[in-house]
Amino acid sequence: MNKTIRSRSNKAIGDTLEVKWTIVAKRVIAEPTPRTRTEAPRQGIYDYDVVPLGTAPPVRKTSDNRPSVSFRRIS
């Protein structure tokens, strides 16, 4: 049973979300922006595909430490 949760928390694949879900995939909806002189910083928005805690397969670690996240620029 997969479920999608939208959050402003920047979590990694394999982390738990809302105490009862394990993250299996992550998508960036809006990238975070830094503080400027006239604007406050903004958090990013992320979509997580999650499964119930304890049912997720083991997390694969990449050898070159690159994140397995796809980015999409929204103009």
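What counts, and where the lines are drawn
- Residues numbered from 1 in each chain as written.
- Predicted model: local features only at pLDDT ≥ 70, side-chain atom pairs only at ≥ 80, totals over all residues.
- Heavy atoms only, no water.
- Helix = DSSP H or I, 4+ residues; strand = E, 2+ residues; numbered from the N terminus.
- Buried < 20%, exposed > 50% of the residue type's maximum accessible area, 1.4 Å probe, protein only.
- Contact = heavy atoms within 4.5 Å.
- Polar contact = N/O pair within 3.5 Å; in protein donor to acceptor, adjacent residues only side chain to side chain.
- Pairing = 2+ DSSP bridges.
- Phe/Tyr/Trp six-rings, centres within 6.5 Å; stacked < 30°, edge-to-face > 60°.
- Core = buried A, V, L, I, M, F, W, Y, C linked by side-chain atoms within 4.5 Å.

Caption draft 1: View of the overall build of the protein. The helix and strand inventory of the protein stands at 0 helices and 4 strands. Secondary structure elements in the protein, listed N-terminal to C-terminal, are β-β-β-β. Put simply, the protein has 75 residues, and 23% of those count as buried. Residue pairs in contact within the protein that sit at least 24 positions apart in sequence constitute 58% of those at least 6 positions apart.

Caption draft 2: Representation of the side chain of Ser7 in the model. Turning to its location among the elements, Ser7 is positioned in strand β1 (residues 3–7). Residue Ser7 is classed as buried on the basis of its relative accessible area, which comes to 15%. Polar contacts involving the side chain of Ser7 include one to the main-chain amide nitrogen of Ser9, which spans 3.0 Å. In this structure Ser7 touches Gly44, Ile45, Tyr46 and Tyr48, once residues within four positions along its chain are discounted.

Caption draft 3: The arrangement of the sheet that holds strand β3 (residues 21–30) in detail. In space, the 4 strands of this open sheet follow the order β1-β4-β3-β2, with antiparallel pairing throughout. Of all strands in the sheet, those bounded by a partner on one side alone are β1 and β2 (16–17). In this structure, β1 lies alongside strand β4 (residues 45–52), joined through 5 bridges in antiparallel fashion. Of the residues in β4, the one forming a bridge with Ile5 is Tyr48.

Caption draft 4: Molecular detail of the packing of aromatic side chains. Summed over the entire model, instances satisfying the criterion amount to 1 aromatic pair. Ring geometry for Tyr46 versus Tyr48: centroids 6.3 Å apart, planes at 25°, classification stacked. For the pair formed by Tyr46 and Tyr48, the shared burial category is buried.

Caption draft 5: Molecular detail of the nonpolar core. Core analysis: the largest hydrophobic core is formed by 8 residues, namely Ile5, Leu17, Trp21, Ile23, Val28, Tyr46, Tyr48 and Val50. Mapped onto this core, the elements with two or more residues apiece are β3 and β4. Discounting residues that sit within four places of it in the chain, Ile5 has contacts with Leu17, Glu18, Trp21, Tyr46, Asp47, Tyr48 and Val50.

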